[in-house]
Amino acid sequence: MTTILKTPKVPTFAGTQDDDPVEWKRQVVETLRLIQHEQILPTDTPQVAQEKVDRRRNLVMTTIRSGLKDRALKWYRENNERANFDFWMEFETEFIQSKNMEVARMKLPSLKQEKHETIEQWELRLLKVIDKCQINADESTKSYHFMKGLLPKFDNIKGKAYKTLQDAVNRALREEAFLSTEESEKKKKSKSSHVYQI
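Residues numbered from 1 in each chain as written. Predicted model: local features only at pLDDT ≥ 70, side-chain atom pairs only at ≥ 80, totals over all residues. Heavy atoms only, no water.

### Notes on the overall build of the protein
Per the secondary structure count, the protein includes seven helices and zero strands. Starting at the N terminus and walking to the C terminus, you meet the elements of the protein as α-α-α-α-α-α-α. For 198 residues, the compact-globule estimate of 2.2 N^0.38 gives 16 Å, and the C-alpha radius of gyration of the protein, at 28 Å, exceeds that figure by more than 25%. Counting only C-alpha atoms, the protein reaches 95 × 45 × 30 Å along its principal axes. Across the protein, contacts joining residues at least 24 apart in sequence account for 55% of those joining residues at least 6 apart. A total accessible area of about 13900 Å² is found for the protein, and carbon and sulfur atoms account for 52% of it. Here the protein contributes 36 positively and 31 negatively charged side chains, and the mean placements of these two sets differ by 4 Å. (Helix = DSSP H or I, 4+ residues; strand = E, 2+ residues; numbered from the N terminus. Rg over C-alpha atoms; globule rule 2.2 N^0.38 Å. Contact = heavy atoms within 4.5 Å. Areas by Shrake-Rupley, 256 points an atom, 1.4 Å probe, with all protein chains shown as cover. Lys, Arg positive; Asp, Glu negative; His and termini not counted. Charge placed at Lys NZ, Arg CZ, Asp CG, Glu CD.)

Have a look at this one:
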């Protein structure tokens, strides 16, 4: 006897800029976990067991496909017939990575060093964002964004153009060390002055 499996409802995903592919995937995966599939029994023949597996696979893909529309549905129709089509892996490449890239490209021009960040931490975070942008940024472009995003206390070194990111980082590290020493000296003097007044 063939069991009729009902396709559960999932939210729609069109693949536009307003859609969140990460959240859509999370909701769909959560829905798929709740599906009551036919159990493969020890008494099932290989043919019956395979039929159950096929029905389960078909239900999963039908559920996923029911949530796709517009650009996302067109992408699915153009690719799902391929023998090596892996939906979630290719969905990741097509929508999640491209979404991350768009967000990173919008974020890059206004990216700033945080107050708690060291020069090296700021450099690492900037490079991660540039990598997500998937742009072939040359050294001068990297150094420009690095210098532009530095905290205001580094303003006196921002005017110069640096050929490489490493040159810019080295200059900022020297300034960071100088400012740190200057701050320590101020604290010592303040402490000494306080002791003297007592």
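### Observations concerning helix 5 (residues 119-133)
Taking 1.5 Å per residue, 15 residues should reach 21 Å; helix 5 reaches 21 Å between its end C-alpha atoms and fits that length. By the burial criterion, the buried members of helix 5 are Ile119, Trp122, Glu123, Leu126, Val129, Ile130 and Cys133. Seen from one end, helix 5 has its buried residues packed into an arc of 130°, which puts them on one side. Helix 5 presents Glu120, Lys128 and Asp131 as exposed residues on the side facing more than 90 degrees away from its buried surface. Where helix 5 ends, the next residue or the one after it, Gln134, has phi of about 55°, a positive value. (Expected span 1.5 Å × (residues − 1). Buried < 20%, exposed > 50% of the residue type's maximum accessible area, 1.4 Å probe, protein only. Arc of directions from axis to C-beta.)

### Brief notes about helix 3 (residues 70-79)
Within helix 3, the full set of buried residues consists of Ala72, Leu73, Trp75, Tyr76 and Asn79. The buried residues of helix 3 occupy an angular sector of 160° when projected down its axis, which confines them to one face. Exposed side of helix 3, more than 90 degrees from the buried face: Asp70, Lys74, Arg77 and Glu78 are the residues found there. Considering only its buried residues, helix 3 is in contact with helix 2 (46-66) and helix 4 (87-107).

### What to know about the packing of helix 3 against helix 4
As a packed pair, helix 3 and helix 4 sit with axes 12 Å apart at the nearest point and diverge in direction by 130°. When the axes of helix 3 and helix 4 are compared, the pair comes out oblique. Of the two possible hands of crossing, helix 3 and helix 4 adopt the one that is right-handed. Side by side, helix 3 and helix 4 meet where Arg71, Ala72, Trp75, Tyr76 and Asn79 of the first sit next to Phe87, Glu90, Phe91, Glu94 and Phe95 of the second. Tallied by class, the residues present in the contact of helix 3 with helix 4 amount to six nonpolar, one polar and three charged. (Axes fitted to C-alpha atoms, helices over the stretch in contact; angles between N-to-C directions. Parallel < 35°, antiparallel > 145°, perpendicular 65-115°, else oblique. Left-handed = near helix turned anticlockwise from the far one by under 90°. Nonpolar A, V, L, I, M, F, W, Y, C, P; charged D, E, K, R; others polar.)

### Some details on the confidence of the model for the protein
The share of residues in the protein with pLDDT of 70 or more is 90%, and the mean pLDDT across the chain is 83. The secondary structure element of the protein with the lowest average pLDDT is helix 4, at 79, and the one with the highest is helix 6 (residues 139-148), at 91. (pLDDT = per-residue confidence, 0-100.)

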